[in-house]
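Summary of the model geometry
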Amino acid sequence: QGAMAEKILVTGGAGYIGSHCVLELAEAGYVPVVIDNFHNAIRGADALPESLRRVQQIVHQPILFQELDITNEVALQELFSKHRFSAVMHFAGLKAVGESVQKPLEYYRVNLTGTIRLLETMKAHGVRNIVFSSSATVYGDPKYLPLDENHPVGGCTNPYGKSKYFIEEMIRDLCKAERDWNAVLLRYFNPIGAHESGMIGEDPQGIPNNLMPYVAQVAVGRREFLSVFGNDYKTDDGTGVRDYIHVVDLAKGHIAALKKLKENCGCKIYNLGTGTGYSVLQMVQAMEKASGREIKYKITGRREGDVASCYANPALAERELGWKAAFGLDKMCKSIPFPGMLCAVGCPPPGPPLTAILPVAGEDLWRWQLQNPTGF
């Protein structure tokens, strides 16, 4: 690496999406500096989060890490005095829809106050480039589909979504007031899958809030059955329809966003999705195919704050960022011999060799789950 490799601060970089982005940053020649408070990360050796210890193994270079909570202003100021960051990727925050309905104040405190502290510290140290991890929840209940960036925002159905919307508004106002700021707000649809090495992936603590880790845990025998929240939505099979995007695609979208900041772009907003919606039951079938195992499920009541269908129009990101999801569930169905040989020590022996038509996201998720039956 040249002496001029840019330092990028990654908040919440030990989490699921953050760790995949740290990996892509390192591979693209940036120097990621990661902060995380271990709220959703497992401690590994050498005071590092386990996810980042594994990223180091994959990229064969050390990753700079500091344990830090973004609501801690003093620690943030110290960090910014120590490093010269060219941009910030902001992932840190609480992110469970259901929990946010139960604990709204905690979500507003962490997500809003944390972001305000971060922006103030950036401003004080002359760092005016940010990529923000937003969410398609800002669209609320879709008035039309697919969702494009002009769809009205703010009619959010839960405090988690509102906190993302409020942060977007804060950043937009800041860019309007101070013309030297550049921000790219990325509205994610539903990230799934794992890095193809099977070494890092989504490792929810407690009961997973997201569909695919839950499905994978049922497949690997960690949970008895999947609860499907509602089968009376106005969709083909009655279950909720979502746009599932491979986490590696998502991470590559952040690298494209960093390049966009270089153009002094002001405040830009992009959807990161595939443009295709799949129902819960379709995803269950895809995972059954990937794992070769039956996935038992039970239909339960709808979950508060959920909408029937939500999928992206990702055309703007393709046009302006040159980014497009490569791993569509539909496009990336390919026949591969089952990766039993990738198994790490102590994971369950693979079933019979499977040569099936596997969607790559399901396949990467299953590889991660098989190699890490109890997560990190």
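The shown structure was predicted, so the numbers you read here are calculated from the model rather than taken from an experiment. Residue numbering note: each chain is counted from 1, following its sequence as written. It should be noted that, the model being predicted, local features are given only for residues of pLDDT at least 70 and side-chain atom pairs only at 80 or more, the latter also being counted only at that level, while totals for whole chains, interfaces and linings use all residues. Heavy atoms from the whole structure form the basis of all side-chain values; hydrogens and water molecules are not counted.

**Some details on the overall build of the protein**
- Secondary structure elements follow DSSP: runs of H or I of four or more residues count as helices, runs of E of two or more count as strands, with numbering from the N terminus. Scanning the protein from terminus to terminus reveals eleven helices and 16 strands.
- The quantity called the radius of gyration is restricted to C-alpha atoms. Its globule counterpart is 2.2 Å times the number of residues to the power 0.38. In summary, the protein has a C-alpha radius of gyration of 20 Å against a globular reference of 21 Å for 376 residues, a match within 12%.
- Its C-alpha atoms put the protein at 55 × 45 × 40 Å along the principal axes.
- The cut-offs for exposure are 20% and 50% of the maximum accessible area for each residue type, with area from a 1.4 Å probe on protein chains only; residues under the lower value are buried, those over the upper are exposed, and the others partly exposed. Residues classed as buried in the protein amount to 55% of the 376 residues present.
- Across the protein, the fraction of contacts at a sequence separation of at least 24, relative to all contacts at a separation of at least 6, is 78%.
- As displayed, the protein has an accessible area near 16,100 Å², and 51% of this comes from carbon and sulfur atoms.
- The averaged location of the 40 negative side-chain charges in the protein is 1 Å from the averaged location of its 39 positive side-chain charges. The contact criterion used is simple: two residues touch if any of their non-hydrogen atoms lie within 4.5 Å. Here, Shrake-Rupley sampling with a 1.4 Å probe gives the accessible areas, and only protein chains in the shown set may cover a residue. All tallies of charge rest on Lys and Arg as positive and Asp and Glu as negative; His and the ends of each chain are not included. To locate a charge, take NZ of a lysine, CZ of an arginine, CG of an aspartate or CD of a glutamate.

**Side note on the sheet that holds strand S5 (residues 129–135)**
- Two strands pair under a simple rule: DSSP has to find at least two bridges between them. Spatially, S3-S2-S1-S4-S5-S6-S11 is the arrangement adopted by the seven strands of the open sheet, whose pairing is parallel. Whereas interior strands pair on both sides, the edge strands pair on one side only; in this sheet they are strand S3 (64–67) and strand S11 (267–272). Between one strand and the next, the sheet's axes are offset by a mean angle of 20°, whatever the strand orientation.
- In terms of strand pairing, strand S1 (residues 7–11) meets strand S4 (residues 85–90) through five bridges, oriented parallel. Of the residues in S4, the one forming a bridge with Ile8 is Ala87.
- Convention adopted: a line fitted to C-alpha atoms gives each axis, helices being fitted over their contacting stretch, and angles between N-to-C directions are expressed from 0 to 180 degrees. Along the sheet face, helix H3 (residues 73–82) touches S1, strand S2 (31–36), S3 and S4 and points at about 140° away from the line of S4.

**Observations regarding the pattern of salt bridges**
- One side-chain nitrogen of Lys or Arg within 4 Å of one carboxyl oxygen of Asp or Glu is enough to make a salt bridge. Overall, the coordinates contain 18 salt bridges when judged by the stated rule.
- Residues Glu67 and Arg43 are paired through a salt bridge, measuring 3.0 Å at the closest nitrogen-oxygen approach. Here Glu67, found in strand S3, pairs with Arg43, found in the loop between S2 and helix H2 (50–59); they are 24 residues apart in sequence, far enough to count as distant.
- Since its relative accessible area comes to 43%, Glu67 is described here as partly exposed.
- Salt bridges sharing common partners tie together Glu50, Arg53 and Arg54.

**Some details on the nonpolar core**
- Grouped together as the largest cluster of nonpolar side chains are 46 residues, with contacts concentrated most on Ile8, Ile17, Leu25, Val55, Leu186, Leu258 and Trp323.
- For this core, the secondary structure elements donating two or more residues are S1, helix H1 (16–27), H2, S4, strand S6 (182–188), helix H8 (247–261), S11 and helix H10 (315–321).
- In terms of residue count, the dominant contributor to this core is H8 (nine residues). Take the buried residues of types Ala, Val, Leu, Ile, Met, Phe, Trp, Tyr and Cys, join any two whose side-chain atoms come within 4.5 Å, and each joined set is a nonpolar core.

**Side note on the sheet that holds strand S9 (residues 241–242)**
- Strand order in this open sheet of three strands is S12-S9-S14, and the pairing throughout is mixed. Each of the sheet's edge strands pairs with one partner strand only, and the pair in question is strand S12 (278–279) and strand S14 (309–310).
- Where S9 lies against S12, two bridges are found, and the strand directions are antiparallel. For Arg242, the partnering residue across the bridge sits in S12 and is Tyr278.

**Regarding the confidence of the model for the protein**
- Across the chain, each position has a pLDDT score giving the predictor's confidence in that residue, from 0 to 100. When the pLDDT values of the protein are averaged, the result is 90; 91% of them are 70 or greater.
- A low-confidence stretch, residues 330–358 (pLDDT under 50), is modelled with 53 contacts involving residues beyond four sequence positions or located in other chains.

**Considering unusual backbone geometry**
- The step from Leu145 to Pro146 runs through a cis peptide bond, and the omega angle for that step is -10°.
- You can see Pro146 is positioned in the loop between S5 and helix H6 (159–177).
- We note that His60 has phi near 55°; this positive angle belongs to a residue other than glycine.
- Topologically, His60 is positioned in the loop between H2 and S3.
- In this structure His60 comes out as exposed when scored by relative accessible area, which is 71%.

**Some words on the environment of Lys143**
- In this fold, Lys143 is placed in the loop between S5 and H6.
- Residues contacting Lys143, with those up to four places away along its chain left out, are His151 and Pro152.

**Overview of the side chain of Ser309**
- Within the element layout of this structure, Ser309 appears in strand S14.
- Apart from the residues within four sequence positions on either side, Ser309 is in contact with Pro142, Leu145, Thr235, Val241 and Arg242.

**Some points on the side chain of Thr11**
- Looking at the element boundaries, Thr11 is found in strand S1.
- A distance of 3.0 Å separates a polar side-chain atom of Thr11 from the backbone nitrogen of Phe91.
- For Thr11, the residues in contact, after removing those within four places along its chain, are Ile35, Ile70, Val88, Met89, His90, Phe91, Ala92 and Leu118. Counting of polar contacts relies on pairs of N or O atoms within 3.5 Å, with two restrictions inside protein: one atom must be capable of donating a hydrogen and the other of accepting it, and residues adjacent in sequence are counted only when both atoms are side-chain atoms.

**Some points on helix H11 (residues 360–371)**
- Each residue after the first adds 1.5 Å to the expected span of a helix. Compared with the 16 Å implied by 1.5 Å per residue over twelve residues, the 16 Å span of H11 between its first and last C-alpha is a close match.
- Within H11, twelve of the twelve residues are buried, which leaves it mostly tucked inside the rest of the structure.
- Buried residues of H11: Val360, Ala361, Gly362, Glu363, Asp364, Leu365, Trp366, Arg367, Trp368, Gln369, Leu370 and Gln371, and no others.

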